[in-house]
Amino acid sequence: WFFWRREAVRCVMLGAARATRVAHVLRTTQRHASHGPKTYGKGEFRGFTPPHVPMWQKRVGEGFATAAWLWFFWRCYHDGGHLVGM
């Protein structure tokens, strides 16, 4: 509200031509809250190119993931009864 009132006062001070342009801008302004553009990029990831990951990083990641799952299953085997309230 304050913005439009301030712009209206400014338009009166600057003249009718400016008032017409500002009134048109205020009338035609739209907000696109989180909708974004209709089309962007092409391809599988719409223009995003994933970075190249070296093979040693993939293998280290798989090793850590395997260790995490083995630890999880080990804890379930030993503390499973306590976990479910037995």
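The structure under discussion appears in the preceding block.
Sequence order as written defines the numbering, with residues in each chain counted from 1. With pLDDT at 70 or above as the cut-off, local features in this predicted model cover only qualifying residues; side-chain atom pairs require 80 or more to be listed or tallied, and sums for whole chains, interfaces and linings still use all residues. Water and hydrogen atoms were dropped before computing side-chain values, which therefore reflect all heavy atoms in the structure.

## Things to note about the pattern of salt bridges
Here comes step 1: Salt bridges, as used here, are contacts in which a Lys or Arg side-chain nitrogen is within 4 Å of a carboxyl oxygen on Asp or Glu. Applying the stated rule across the entire model yields one salt bridge.
Here comes step 2: With a closest N to O distance of 2.3 Å, Asp 79 and Arg 75 form a salt bridge. Highlighted residues: Asp 79 and Arg 75, both in helix H3 (residues 55-83), separated by four residues, approximately one helical turn.
Here comes step 3: Burial classes: relative accessible area under 20% of the type maximum marks a residue as buried, over 50% as exposed, and values in between as partly exposed (1.4 Å probe, protein chains only). With relative accessibility at 32%, the residue Asp 79 sits in the partly exposed group.
Here comes step 4: Overall, Arg 75 belongs to the partly exposed group, its relative accessible area being 36%. Helix and strand assignments come from DSSP, with helices taken as H or I runs of at least 4 residues and strands as E runs of at least 2, each series counted from the N terminus.

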